[in-house]
Amino acid sequence: MSEGFWFEAGALVPSIGVGLLFWFVIRSILRADRAEREADKQAEKEYLARRGDHEKRDEFPEHTITD
């Protein structure tokens, strides 16, 4: 293989590195969001159980997308 190939391949390394860094950051943000939503849901269940007001469930509607 010629030196030109390795020079051009080496030019792609920074782009690939930035792409991988972006992927890891977005993945960690999405995982943290998922964990926070789960913790919020658990805290809401504990709050309602402590309050003893299971009928008040409509005060905290689930986040749903409607058409």
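Residues numbered from 1 in each chain as written. Predicted model: local features only at pLDDT ≥ 70, side-chain atom pairs only at ≥ 80, totals over all residues. Heavy atoms only, no water.

Engineer: In this structure, what is going on with the overall build of the protein? I would like to understand it.
Structural biologist: Helices and strands together make up the secondary structure of the protein, namely one helix and zero strands. Surface accessibility of the protein: about 6500 Å² in total, with carbon and sulfur atoms responsible for 61%. (Helix = DSSP H or I, 4+ residues; strand = E, 2+ residues; numbered from the N terminus. Areas by Shrake-Rupley, 256 points an atom, 1.4 Å probe, with all protein chains shown as cover.)

Engineer: Any chance you could explain the packing of aromatic side chains here in plain terms?
Structural biologist: Given two aromatic rings, their pairing is described by the distance between the two centres and the angle made by the two planes. Scanning the entire structure with this criterion turns up two aromatic pairs. Where F5 meets W6, the ring centres are 5.1 Å apart and the plane angle is 75°; that geometry is what we call edge-to-face. By relative accessible area, W6 is classed as exposed at 56%. (Phe/Tyr/Trp six-rings, centres within 6.5 Å; stacked < 30°, edge-to-face > 60°. Buried < 20%, exposed > 50% of the residue type's maximum accessible area, 1.4 Å probe, protein only.)

Engineer: I'm lost on the pattern of salt bridges in this one. Help?
Structural biologist: When the charged atoms of two side chains lie near each other, side chains of opposite charge can form a pair. Tallied over the full model, the rule gives one salt bridge. Of the charged contacts in the structure, one is a salt bridge between D33 and R37, with a shortest N-O distance of 3.0 Å. One end of the pair, D33, and the other, R37, are both in helix α1 (residues 3–51), four residues apart, so they sit about a helical turn from each other. What makes D33 partly exposed here is its relative accessible area of 34%. (Salt bridge = Lys/Arg side-chain N within 4 Å of Asp/Glu carboxyl O.)

Engineer: What's the story with a nonpolar patch on the surface in this structure? I'm lost.
Structural biologist: There is a patch of nonpolar side chains on the surface, built from L21, F22, V25, I26, I29 and L30 and spanning about 580 Å² of accessible area. Within the element layout of this structure, L30 appears in helix α1. The class for L30 is exposed, based on a relative accessible area of 51%. (Patch = residues over 30% accessible without salt bridge, like charges linked within 9 Å, V, L, I, M, F, W, Y side chains within 5 Å.)

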